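Structural features, examined
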Amino acid sequence: MSELATVARPYAKALIMFARENDSLESYQEMLENFLALISEESVVKMLKDDSLDKAKKASILKDVVGSFADKNFQNFAETVFLNNRVQVINEIKTLYGEYLSEEKNQLDVQIETAFALDESQQSRIVEALEKKLSKKINLKQHINEKLIAGAIIKADDLVIDGTVVEKLRKLKSQMN
């Protein structure tokens, strides 16, 4: 995965910089999503693997199809990605672009894993506390894991807060030894 990120990073950075300069951050994210969907379609995969077409012809066809949902600049981006044999990292480019877009907006996606669903009040208190601590707008995504028994695990980038009963018992056991 890290190899893909290394290859994808310059493309994602170039695209976010261009989108920022052209005030098109959101629309380029949508274009990336559409491009990923396009290159995942069976007919497009078949065309890209067709040995009877040369690379320039495939690039031209791809660029024309991308033109149905993207501007000229994104068409050029898609063509460059294809000509540089980087189609396989489009998903990673999209992921990195989304991360860079969140940074631009001073937002952070936070995962919270709990044994039970949190009500709106609990979610808002957690969001409020995290926004204060991290100085970012928080997008909270909850996952239910019944194996946790009680407590929660909060993951935000490299920050992990494990407030589960299992973790508290593990800490207590290590203190007693």
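This text gives an overview of the structure that appears in the document.

Conventions adopted
- Residues numbered from 1 in each chain as written.
- Predicted model: local features only at pLDDT ≥ 70, side-chain atom pairs only at ≥ 80, totals over all residues.
- Heavy atoms only, no water.
- Patch = residues over 30% accessible without salt bridge, like charges linked within 9 Å, V, L, I, M, F, W, Y side chains within 5 Å.
- Areas by Shrake-Rupley, 256 points an atom, 1.4 Å probe, with all protein chains shown as cover.
- Salt bridge = Lys/Arg side-chain N within 4 Å of Asp/Glu carboxyl O.
- Lys, Arg positive; Asp, Glu negative; His and termini not counted.
- Charge placed at Lys NZ, Arg CZ, Asp CG, Glu CD.
- Helix = DSSP H or I, 4+ residues; strand = E, 2+ residues; numbered from the N terminus.
- Expected span 1.5 Å × (residues − 1).
- Buried < 20%, exposed > 50% of the residue type's maximum accessible area, 1.4 Å probe, protein only.
- Arc of directions from axis to C-beta.
- Contact = heavy atoms within 4.5 Å.
- Polar contact = N/O pair within 3.5 Å; in protein donor to acceptor, adjacent residues only side chain to side chain.
- Pairing = 2+ DSSP bridges.
- Axes fitted to C-alpha atoms, helices over the stretch in contact; angles between N-to-C directions.
- Core = buried A, V, L, I, M, F, W, Y, C linked by side-chain atoms within 4.5 Å.
- Right-handed = clockwise from strand over helix to strand, strands pointing away.

For the rest of this paragraph, the subject is a negative patch on the surface. A contiguous patch of negative charge on the surface is contributed by E99, E103, D157 and D158. Topologically, D157 is positioned in the loop between β3 (152-156) and β4 (159-162).

Once that is clear, we can look at helix α7 (residues 120-134). Helix length check: α7 (15 residues) gives 21 Å between terminal C-alpha atoms against 21 Å at 1.5 Å per residue, within 8%. Among all positions of α7, only Q123, V127 and L130 are buried. The buried residues of α7 all sit within an arc of 70° when viewed along its axis, so they share a single face. Opposite the buried face of α7, at more than 90 degrees from it, the exposed residues are R125, E128, K132 and K133. Looking at the packing, one finds that the buried side of α7 touches β1 (107-114), β2 (137-144) and β3. Between the side-chain oxygen of the N-cap and the backbone nitrogen of S121 there are 3.1 Å, and the N-cap of α7 in question is D119. Backbone geometry just downstream of α7 places S135 in the positive-phi region, at approximately 55°.

Across the sheet, four strands lie side by side as β2-β1-β3-β4; this open sheet has mixed pairing. Only two strands of the sheet have a single neighbouring strand rather than two, namely β2 and β4. Strand-to-strand, the axes of this sheet are offset by a mean angle of 15°, without reference to chain direction. Taken together, the eight bridges between β1 and β2 define a ladder with parallel strand orientation. Of the residues in β2, the one forming a bridge with Q111 is K141. Where α7 meets the sheet, it contacts β1, β2, β3 and β4, and its direction lies at approximately 135° from that of β2.

Our next topic: the nonpolar core. Core analysis: the largest hydrophobic core is formed by 34 residues, its most contacted members being F35, L62, V66, F74, F77, I93 and Y97. Per-element tally for this core: the top contributor is helix α2 (residues 25-40), with eight residues. For F74, the contacting residues outside a window of four places in its chain are L15, Y28, M31, L32, F35, V66 and F69.

Turning our attention to the pairing of β1. One crossover worth recording links β1 to the parallel β2 by way of α7, and it is right-handed. In terms of strand pairing, β1 meets β3 through four bridges, oriented antiparallel. Counterpart to Q111 in the pairing with β3 is K155.

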